[in-house]
Amino acid sequence: MQLSIFVFLTAAYFANSEEFLPSYITPCELKKSDFKKCVRSQLEKSLPLFAKGIPELGVPTIDPVDLNDIHIDGSGLKLTFTNAKMHGLSKVSLKDLDIDIGEKEEKFKLSLKGNLSMTSTYNADGKILILPIKGDGDAFIECRNVEVEINSKLLHINDTNGEHFKLQTPHYKYNIEKTTFDLRNLFNGNKQLAETTLQFANENWRQLMDDLAPPVIKQIVKTIVKDINKFFSKVQISTIVQGYNQ
């Protein structure tokens, strides 16, 4: 996956229609023993830049990521988040990386770790376990030490511009160490009720995240994969992987 991000990064700096690599990025030699170390280094350099977007290539920023409306409806609770944005992807770090290039079945594994936060407006009505919750207003949700692992196949796409990689059928898993909720204007601004409810929600954050996290993480992964493939479509394999046999 690193290769993927490295690739789109490279592509991100293309000028006009010609391919080139910026001075701080060096193509990695596939047949050298330090190939994976080289790719990891390129990924670590390029990830923050990729996350901020490349307007010249029509690649939007993924920090923040615009999320679809999120609806939680079950167990006595109706909770909706609208105009939601996820922040922090430009500051995540590389946790693990594994790439198989030049094999019969090419694939990669990429693991990222960092703190993420979500801003949105919300509407809540119902109960969290035994405690009632009701309100609407601004929401801020902080997720600490989020780990996301993406596994994907690498396909080859041939077109008039050459041979390119493409991520195919990605799978992912995730873990969140801790989540904190800050929902403004609960109970029409009743401070005492709001503080009691938020304390209870934060003590039982996993129950809320069991419903909230899956659609959010899915959208984040889809956005990353989509933008990576945009980059791949601009860069030939031979440009970023030296010694690669087409």
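In this numbering scheme, every chain counts its residues from 1 along its sequence in written order. Per-residue local features of the predicted model are confined to residues with pLDDT of at least 70, and side-chain atom pairs are confined, for both listing and counting, to 80 or more; whole-chain, interface and lining totals are unaffected and use all residues. Excluding hydrogens and water, the side-chain figures rest on all heavy atoms present in the structure.

UniProt positions are given in the numbering used here, feature names are shortened, and annotations may be inferred rather than shown by experiment. What UniProt states about the protein under its Sequence similarities (unreviewed entry) heading is, verbatim, "Belongs to the TO family."

S.K.: What am I meant to see in the pairing of strand S4 (residues 77–87) here?
M.R.: In summary, the side chains of a regular strand alternate between the two faces of the sheet. Pairing analysis gives 2 bridges linking strand S2 (residues 65–66) to S4, with the strands arranged antiparallel. Residue pairing across strands places aspartate 66 opposite lysine 85, the latter belonging to S4. Strand pairing is defined by DSSP finding a minimum of two bridges between the two strands. Helix and strand assignments come from DSSP, with helices taken as H or I runs of at least 4 residues and strands as E runs of at least 2, each series counted from the N terminus. Judged from the 5 bridges that link them, strand S3 (residues 70–74) and S4 form a sheet pairing that is antiparallel. Residue histidine 71 lies in a different strand from S4, and its bridge partner there is threonine 80. The antiparallel hairpin formed by S3 and S4 contains 2 residues in its connecting segment, where serine 75 sits at a positive phi of about 55°.

S.K.: Looking at this structure, how should I read the nonpolar core?
M.R.: Where a protein is soluble and globular, its nonpolar side chains tend to be buried together. In this structure, Leu67, Phe81, Ile101, Met118, Leu212 and Val241 are the most contacted members of the largest nonpolar core, which totals 71 residues. With 14 residues, the single largest contributor to this core is helix H4 (residues 205–232). Note on definitions: a residue-residue contact is assigned when non-hydrogen atoms from the two residues lie within 4.5 Å. Ignoring any residue separated from it by four or fewer positions in sequence, one finds leucine 67 in contact with Ala84, Lys85, Met86, Met118, Val216, Gln219 and Ile220. By convention a nonpolar core is built from buried Ala, Val, Leu, Ile, Met, Phe, Trp, Tyr and Cys residues, the set being connected through side-chain atoms within 4.5 Å. Between buried and exposed lies partly exposed: a residue is buried under 20% and exposed over 50% of the maximum accessible area for its type, with that area taken using a 1.4 Å probe on protein chains only.

S.K.: Help me understand a positive patch on the surface in this model?
M.R.: There is a patch of like positive charges on the surface, built from Lys218, Lys222, Lys226 and Lys230. As for its position among the elements, lysine 230 is in helix H4. Its relative accessible area of 30% is what places lysine 230 among the partly exposed residues. Each patch groups residues whose relative accessible area exceeds 30% and which form no salt bridge, using 9 Å between like charges and 5 Å between nonpolar side chains of Val, Leu, Ile, Met, Phe, Trp and Tyr. Using a 1.4 Å probe, the Shrake-Rupley method yields the accessible areas, and only the shown protein chains count as cover for residues. Salt bridge criterion: a side-chain nitrogen from Lys or Arg within 4 Å of a carboxyl oxygen from Asp or Glu. A residue counts as positive if it is Lys or Arg and as negative if it is Asp or Glu; His and the chain ends are not included. Note on charges: their place is set at NZ of Lys, CZ of Arg, CG of Asp or CD of Glu.

S.K.: What exactly am I supposed to notice about the side chain of serine 111 here?
M.R.: For serine 111, the location among the structural elements is in strand S6 (residues 107–128). Setting aside chain neighbours within four positions, we find serine 111 in contact with Ser93, Leu94, Lys95, Asp96, Val148 and Glu149.

S.K.: For this particular structure, what's the right way to read the pattern of salt bridges?
M.R.: Two side chains of opposite charge can pair, provided their charged atoms sit close to one another. By the definition in use, this model includes 9 salt bridges. In this structure, lysine 85 and aspartate 66 form a salt bridge, with 2.4 Å as the shortest nitrogen-oxygen distance. Of this pair, lysine 85 sits in strand S4 while aspartate 66 sits in strand S2, placing them 19 residues apart in sequence. Take lysine 85: its relative accessible area is 32%, and that puts it in the partly exposed class. Residues aspartate 125 and lysine 134 are paired through a salt bridge, measuring 3.7 Å at the closest nitrogen-oxygen approach.

S.K.: So what exactly am I meant to see when it comes to the state of the cysteines here?
M.R.: By definition, a disulfide links the sulfur atoms of two cysteine residues through a covalent bond. We call a pair of cysteine sulfur atoms a disulfide when they lie within 2.5 Å. Applying the stated rule across the entire model yields 1 disulfide. Disulfide pairing places cysteine 28 opposite cysteine 38 at an S-S distance of 2.0 Å. Between cysteine 28 and cysteine 38 the disulfide shows an S-S torsion of about -85°. By sign, it is left-handed. Separated by 10 residues along the polypeptide, cysteine 28 in strand S1 (residues 28–29) and cysteine 38 in helix H2 (residues 35–51) bring together distant segments of the chain. The same class applies to cysteine 28 and to cysteine 38, which are both buried.

S.K.: Would you explain H2 in this entry?
M.R.: Owing to its 3.6 residues per turn, the α-helix aligns residues three or four sequence positions apart on the same side. With 17 residues, H2 ought to run about 24 Å at 1.5 Å a step, and its terminal C-alpha atoms sit 24 Å apart, in line with that. To get the bend at any residue, fit one axis to the seven residues that end at it and another to the seven that begin at it, then take the angle between the two axes. Along H2, the largest kink reaches about 35° and is centred on lysine 45; proline proline 48 follows within four residues of it. Taken residue by residue, H2 has Phe35, Cys38, Val39, Gln42, Leu43, Ser46, Leu47, Phe50 and Ala51 as its buried positions. Phi turns positive, to about 90°, at glycine 53, one or two residues after H2. To estimate how far a helix should reach, multiply one less than its number of residues by 1.5 Å.

S.K.: In this structure, what is going on with the pairing of strand S7 (residues 131–159)? I would like to understand it.
M.R.: Alignment of S6 against S7, held across 21 bridges, turns out to be antiparallel. Bridge pairing in S7 places aspartate 125 opposite lysine 134. Following S6, the chain reverses through 2 residues before pairing antiparallel with S7; leucine 129 in that reversal takes a positive phi of roughly 60°. Sheet topology places S7 next to strand S8 (residues 162–183); 19 bridges connect them, and they run antiparallel. Note that in S8 the partner of leucine 155 across the bridge is lysine 166. Count of turn residues in the S7/S8 antiparallel hairpin: 2 residues.

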